[in-house]
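Below, each chain spelled out in residue letters.
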Amino acid sequence: MNATLLFDVFVFPGVLFTAVLGLLAGWLDRKVSARFQYRVGPPVFQNFNDFFKLLGKETILVKSGVPWLFIAAPLAGFAVMSLVATAVGTALFSGRTVGADLLVVMYLLMFYSVLIFLGGASPGNVFSSLGAGREVKLLLADELPFILVCLVPIIRSGYQIKLSAILAAQNEHGMFIGSVSGAMAFVAGLLAVQAKMALPPFHIPEAETELVAGPFMEYGGPLLAFWKLNQFMMFAVFPFLLILLFWGGFPLAGLGVLWGVLKYLLILVLMIIIKNTNPRLRTDTAIAFFWKVLSPLALAAVVLAVLGV
Amino acid sequence: MSWKNRRLAKSLWVFHASASPCNNCDIEILDLLTPRYDVERFGIKLVGSIRHADVLLVTGIMNDKVAPRLRRLYEQAPRPVFVVGIGACPTTRCCFKESYNVSPGRGDVIPVDLYVEGCPPKPEAMIDAIVKLVGVLNG
Amino acid sequence: MAERNHFLDGLEGKIGRTAAKKGRLYFEVAVKDLHDVVRHLFLGQGCRLSTASAMEMRRGLEVLYHFSHDATGRYYCPRVVLTDLEDPKMPSIAPIIKGAEWIEREISELFGIVFEGHPWPERLLTRDHPHPPDRPLRLRRKP
Amino acid sequence: MSKTVVPVGPFHPLLEEAEFFRLHVDGETVTDIDVDIGYMHRGHEFISERKTFTQSIFLVERICGICSTSHPIAFVHAVEDVDDVDIPIRAAYIRTLIGELERIHSHLLWLGLAGHFIGYDTLWMWAWRYREPILEIFETITGNRNHYGMMRVGGVARDVPPEAVPPLLETLELVERKMDMIAKAAADDPVLRTRLKGVGVLSRQAAVDYCAVGPTARASGVAIDVRKDEPKDAYGLVDFKVIVLENGDVYDKLVVRILEIVESVKIVRQCLERLKTAPGPILNDVKETSAGEGIGRYEAPRGEVFHYVRTDGSNRPLRHKVRAPSYVNIPTCAASCKGIPLADALITLASVDPCYCCTERAIHIVGEGGVRAQVDLAQLSRQKTERLRREIHG
C-alpha cells in the first residue's frame, strides 16, 4: 500500500507533477501577460532556469531575525503545497481518497498563508513585517468567502466531505456548476482563489512598488527558490480544486482528458485576464470588497444549495 | 561550474541602484523593459529587493553622500553578483568631474565589472552589453 | 512705468534704488522692512515666491527674492544687503510663505546666513552627509 | 502598534532616483513625512561658473534627464534677458517644437510610471510603447533620444529641413490616435478611478501657500502657466488651452497631464506646418553679453523652471541660480500626504512627478582637507544605521 502512496505523493499528482505543471502554467501566465502588454515574453523554460539559478545562489541569514523560522517557513510551505496537491490530485484523477477530505485541504491552504506571515515576520525587516501584516489582513478578507464557497459542493453532494464522494455525487447528478447555486459559488470561488494566490488586483502583501517585495524581501537563493516554486505550484493546485468541486472532475479516459485540459486552461486564462486588467486594490478596499460583495454572494449560493436549487 | 553559469546566464535578475545620476540612464533602463526593447525575452527581470538580484545596475557619479549606502547595498547582495556601470557617469563622471561632492580618486566605491558607454547609452548598446556579459558567463 | 509704481504704492518709504527692465523690477529693501514688503507682495498682490538667490558681493551678502506676478507675467525682486559678513542674520519669511522653508534652509547651509524664526532650521542638502562642507559658497575672502 | 518609521529609499523600486523619505506610520496611516534629499546633487552652479555660456548649455542639459530641454531653454532665456536679445522666427518655432515634444514624452513617462506604482503594468507598457515614436522623432531632428544639445544663446543649433517634416507628421498622427485609447484606458477605468479619486488631496490654499507650480498647481485650481503668462519663443503665435481642474487629487493630476498631452500634440502640429514655410536663419550670433542680471523661465513638464544669471561682461556667468519645479512641488507632499494610508501616501508622493536630480543642483566647494579616508565614511554610516535601528525598534 505504501508503495502506491509514495508514488502518489512524490511523482504523479504530488510533488513532481505539480511542480512541473506549475512552472509551465507560470510560464503561460507570464507569456500571456506579456502579450497583453505588446511584449514578447520569456522563453518556455524560463521558470525552470530561474528555479535552478536561485538554487545555486548564496543564502544570507539575517542576524536580527529568527534564523530557524526563516529557513523553516518556505520548506514547510513546500510540504503543505505538495500535500494539498496530492489530496486534490488523487481524488481528481483516480477517484481514490488518500486520507484527506475537503476540510483538511481548506485547513492546509489557510496554514500556507500563516506560513507566509511567519516567513515575513521572522527577519526583523520593517518592510517584510509590514508585508506579513498585510498577508494576514488579506487572509482575514478572503477566508470567509472561501469557506462559504466550499460549503456549496458539500451540501449539494448530500453533506459529504470526502473529495471522492463529492466527485461521485457530481458524476451521478451532473456537474454542480450547472445549478444556479453552483455557478454563483464558482464565480465567488474564482475571485477568492485569485486573492489566495496573491495575484493582481489582490497582490497587496507583495506590492513591489510599496513594500519592495513584501514578506519575501529578505529571502535570497534557495529559500527564495522554494517560495517561488510554492507560488507556481498554486497555479496547478487551485484550478484543479475548482474543477474538482464544481466541474465534475478530470477523467483520464479518452475524450475526457481533452475536456479536462480545456476546463483547466479556461480557469487559468480567466485568472490571467483578471490579473492584467486591474490595478492593485488598497487593503481596506479589498477587505470591503470581500466582506460586502463576495460574502453575500457566497452566502446566497449556500442558501440556494440548501434549498436544492 | 559551467552548468550553473549557464543557468545564471539565462535568468539574470536585475536590481537598479541610482547613485546621483541625471536619471536619464534610469529611464533608459526602464525603457529596456517596455515593448520596443523587451529584455524579458532573455529572462531578465527587474526585481525590487537586493536579495533577489544577480546584477546591480549602477547609474550616476556616486557622490559622497550616496557612496557609503551604495557600498552597503553591494555587500548585501548574495554572491555571485555582477555590477554594471551604465552611462558615462560611473566611468569618467563626464561633465561633473570638477564637482565638489565627489572626492577625487573614488574609483573604489564598488568593483564594477562592466561599463556601458553613452550619455544616455542607447537601449541597443545596453542589450549588447548584456549579451557580452552572458557570453562571459557561458565561458 | 506708471502702472508699475501703482503696484508698489503701498510701500513708499521702504523702496530704495530700483532698476526696471522689460517685465522685471529689482528694488532695494532694508532688512527691517522685509516682512512688510513680502506680506504686501504675497498676501496683498497675490504674487508667488519663485525662489531666493544669495550672493557675496564686495559691499556684503546680498539676498535677492524673486516674486512672480502670474497674472501679468512680471517678476518683482526685492533685494536685501547684509553688511555683517561675520555673523549675518535675517528675519525668516517662512512663517508667511510655507514654500520658503526649503530655500532658506539651503541658503543658511551654503552661506551661513541665520534666518531668525525659521520653523525647522536644519541642513537641507547635506544632512547625514559624511563630511558636510561648512558655508561652502562664501568666497573665502577674508573680511 | 508602536510608531514605526518606514524608510522609503534611498534604494527603493518606487523611486528611480535615490531619495530618502521617512514616513512616520501609525498602523497603516501616515502621520508625518520627513524628506531627506541630497543624494543626487552634483553641483551644477559651481561648475557652470567655470564654463562659458555655450559650454554651460551642455552641463545645464544634464541637470535632469527627462526634462532635458527645459533647463537649457530657461538658461538661454536668462542670458538673452540680460540684453533683451531677439531670436529669429524659425528658431522660435524649433524651440517650441522641441519643448512640446518633450512635454508629450515626459507626461507619457509619468503616466506609465503612475500605472506601475499602483500595480497596473498594462497601462505602463501601453504608455511607454507610444512614447517610443516620440523619441524617434527626437532622434531624426536632434540625433539623440534625450540630451538634444539644440539650444544656443540667440537661437537654435540645428535646422529642421522642410523635407523631414512629412514623416514627423505621420508619426504624430499615430501617437494622437493611440493617445485617445490610453486616455480612455486611464481616465474611464472604474477601478483606477476608485483607486485614485480623492487620494492625496492638495487644497487650493495649500497649493498657493507652498507656491506650487505646473500640473500640481493646475490640478488644484491655480491657473498659472508660463506659456500664457509670459509667452516667449513661438508660444505667442500658436493657440492652445491651459487645462485647470478643481479638486487637486491624484486622479485630477492624471487627467490634467493627459489633456496637456493632447494640447501639446496640437502645438507640435502647428509648429511643423509653419516650419515648412518660415524662412530665415536659425541663430543670431551673440558676440558678448554686457554686465547685468537676467531671469529666464520656461514651462517644463513639471512646472516653471527658473534660471537667474548675473554677468560681469565676460562670457562666464558670475552667478547662476537654478530652481527646478520639483523644488517647490515636493514639499507640498507634507500637506497632501498626512493622515492617509501608506499605500496612498506613496502614490501621492509620485503624483507630483518629482524629479530629484533637478531639485538638488546646489553648489558646494570642496573642503581644503585632502582625500577622505574610506574608513570613517563607512563608520559614520554604520552609526546612523544603529541610530535608525534603535529608532525603529525603540
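Cut-offs and rules
Residues numbered from 1 in each chain as written. Chains lettered and ligands numbered in written order. Predicted model: local features only at pLDDT ≥ 70, side-chain atom pairs only at ≥ 80, totals over all residues. Heavy atoms only, no water. Helix = DSSP H or I, 4+ residues; strand = E, 2+ residues; numbered from the N terminus. Buried < 20%, exposed > 50% of the residue type's maximum accessible area, 1.4 Å probe, protein only. Contact = heavy atoms within 4.5 Å. Areas by Shrake-Rupley, 256 points an atom, 1.4 Å probe, with all protein chains shown as cover. Salt bridge = Lys/Arg side-chain N within 4 Å of Asp/Glu carboxyl O. Expected span 1.5 Å × (residues − 1). pLDDT = per-residue confidence, 0-100. Pairing = 2+ DSSP bridges. Axes fitted to C-alpha atoms, helices over the stretch in contact; angles between N-to-C directions. Right-handed = clockwise from strand over helix to strand, strands pointing away. Parallel < 35°, antiparallel > 145°, perpendicular 65-115°, else oblique. Left-handed = near helix turned anticlockwise from the far one by under 90°. Nonpolar A, V, L, I, M, F, W, Y, C, P; charged D, E, K, R; others polar. Patch = residues over 30% accessible without salt bridge, like charges linked within 9 Å, V, L, I, M, F, W, Y side chains within 5 Å. Phe/Tyr/Trp six-rings, centres within 6.5 Å; stacked < 30°, edge-to-face > 60°. Lys NZ or Arg CZ within 6 Å of the ring centre and 35° of its normal.

A. Region of interest: the overall build of chain D. Check the secondary structure of chain D and you find 17 helices and 8 strands. Buried positions account for 69% of the 394 residues belonging to chain D. Restricting to contacts in chain D with at least 6 residues of sequence separation, those with at least 24 account for 70%. Total accessible area on chain D is roughly 11900 Å²; 56% of this is exposed by carbon and sulfur atoms.

B. Structural detail: the pattern of salt bridges. Applying the stated rule across the entire model yields 50 salt bridges over all chains. Between D142 of chain A and K196 of chain A there is a salt bridge, with its nearest N and O atoms 3.3 Å apart. In this pair, D142 of chain A sits in helix 6 (residues 126-156) while K196 of chain A sits in helix 8 (residues 180-196), placing the two residues 54 residues apart along the sequence. With a relative accessible area of 2%, D142 of chain A lands in the buried category. Taking the shortest distance from any N to any O, the salt bridge between E62 of chain C and R310 of chain D comes out at 3.3 Å. Here R310 of chain D lies in strand 7 (residues 303-311) and E62 of chain C lies in strand 4 (residues 60-69), a pairing that spans two chains. A single salt-bridge network, built from bridges that share partners, covers R24, R48 and D70 of chain C together with D81, E230, R297, E304 and R323 of chain D.

C. Expanded view of the side chain of T96 of chain D. With respect to the helices and strands, the residue T96 of chain D is situated in helix 4 (residues 89-117). Excluding its chain neighbours within four sequence positions, the residues that come into contact with T96 of chain D are D233, A234, Y235, I267 and C271 of chain D.

D. Quick peek at helix 2 (residues 15-36) of chain A. Between the first and last C-alpha of helix 2 of chain A there are 31 Å, a value that for 22 residues agrees with the 32 Å anticipated at 1.5 Å per step. Y38 of chain A lies just past helix 2 of chain A and shows a positive phi near 60°.

E. Structural detail: the confidence of the model for chain D. Residue and element names in this part refer to chain D. The pLDDT averaged across chain D works out to 77; a share of 78% of its residues lies at or above 70. A low-confidence stretch, residues 360-385 (pLDDT under 50), is modelled with 66 contacts involving residues beyond four sequence positions or located in other chains. The ipTM value of the predicted complex is 0.80, and its pTM value is 0.83.

F. Representation of the sheet that holds strand 8 (residues 317-323) of chain D. All names here are of chain D. Reading across from one edge, 6-7-8 is the order of the 3 strands in this open sheet, with antiparallel pairing throughout. Only two strands of the sheet have a single neighbouring strand rather than two, namely strand 6 (292-300) and strand 8. In this sheet, adjacent strand axes meet at a mean angle of 15° when their direction is disregarded. The pairing of strand 7 with strand 8 spans 6 bridges and is classified as antiparallel.

G. Quick peek at the pairing of strand 8 of chain D. Extensive coverage of strand 8 of chain D is indicated by the burial of 6 of its 7 residues. Count of turn residues in the strand 7 of chain D/strand 8 of chain D antiparallel hairpin: 5 residues, of which G313 of chain D carries a positive phi of about 95°.

H. Geometry of the pairing of strand 4 (residues 82-86) of chain B. All names here are of chain B. Burial of strand 4 is extensive: 5 of the 5 residues sit out of reach of the surface. On strand 4, burial covers both faces: F82, V84 and I86 on one face and V83 and G85 on the other are all buried. Where strand 3 (residues 55-59) and strand 4 come together, 5 bridges link them in parallel fashion. Bridge pairing in strand 4 places V55 opposite F82. For the segment spanning strand 3, helix 3 (residues 67-76) and strand 4, crossover handedness is right-handed. One ladder, built from 3 bridges, connects strand 4 with strand 5 (residues 114-116); its direction is parallel. Considered in strand 5, the bridge of V84 is made with L114.

I. How the structure looks around the packing of helix 8 of chain A against helix 11 (residues 255-276) of chain A. All names here are of chain A. Relative to each other, helix 8 and helix 11 sit at 60°, their axes nearing to 11 Å. What the angle tells us is that helix 8 and helix 11 run oblique. Both helix 8 and helix 11 take part in a crossing whose hand is right-handed. For the pair formed by helix 8 and helix 11, the contact residues are F186, L190, L191, V193 and Q194 on the first element and I267, L270, M271, I274 and K275 on the second. Looking at the contact of helix 8 with helix 11 residue by residue, the classes come out as 8 nonpolar, 1 polar and 1 charged.

J. Examining a nonpolar patch on the surface more closely. All names here are of chain A. On the surface, L6, F7, F10, V11, L16, V20, L24, V44 and F45 cluster together into a nonpolar patch covering about 810 Å² of accessible area. Within the secondary structure, L16 is located in helix 2. Overall, the relative accessible area of 51% leaves L16 in the exposed class.

K. Structural context of the packing of aromatic side chains. In the structure shown here, the tally under the stated rule is 29 aromatic pairs over all chains. Here the aromatic residues F51, F52, F78 and F226 of chain A together with W3 of chain B are joined through ring pairs into a cluster of three or more. Over the face of the ring belonging to W13 of chain B we find K53 of chain A, whose NZ or CZ atom lies 3.9 Å from the ring centre. Over the ring of F240 of chain D we find K228 of chain D, and its NZ or CZ is 3.8 Å from the ring centre.

L. Layout of the environment of I141 of chain D. Residues and elements named next belong to chain D. Along the polypeptide, I141 turns up in helix 6 (residues 132-142). Looking at I141, the relative accessible area reads 9%, which means it is buried. Taking the C-alpha atoms as reference points, I141 and I94, 47 residues apart in sequence, are found 9.8 Å from one another. Contact partners of I141, with chain neighbours within four places excluded, come to L97, I98, L101, M150, R158, V160 and L168.

M. Region of interest: the environment of N138 of chain B. Residue and element names in this part refer to chain B. Turning to its location among the elements, N138 is positioned in helix 5 (residues 123-138). Overall, N138 belongs to the partly exposed group, its relative accessible area being 40%. Taking the C-alpha atoms as reference points, N138 and D64, 74 residues apart in sequence, are found 36 Å from one another. Every residue in contact with N138, bar those within four places of it in the chain, is listed here: N5, R6 and A9.

N. Region of the structure containing the sheet that holds strand 2 (residues 45-46) of chain B. All names here are of chain B. In space, the 5 strands of this open sheet follow the order 2-1-3-4-5, with parallel pairing throughout. The outermost strands of the open sheet, each flanked by one partner alone, are strand 2 and strand 5. Pairing geometry for strand 1 (residues 13-18) and strand 3, over 5 bridges, is parallel. Within the sheet, the bridge partner assigned to S18 lies in strand 3 and is T59.

O. Focus on the packing of helix 3 (residues 46-55) of chain A against helix 10 (residues 222-246) of chain A. Residue and element names in this part refer to chain A. Where helix 3 meets helix 10, the closest approach of the two axes is 7 Å, and the angle between their N-to-C directions is 150°. It follows that helix 3 is roughly antiparallel to helix 10 by the angle criterion. Relative to helix 10, the crossing made by helix 3 is left-handed. Between helix 3, through N47, F51, L54 and L55, and helix 10, the contact on the second element is made entirely by P222, L224, A225, K228, L229 and F232. Split into classes, the residues belonging to the contact of helix 3 with helix 10 amount to 8 nonpolar, 1 polar and 1 charged.

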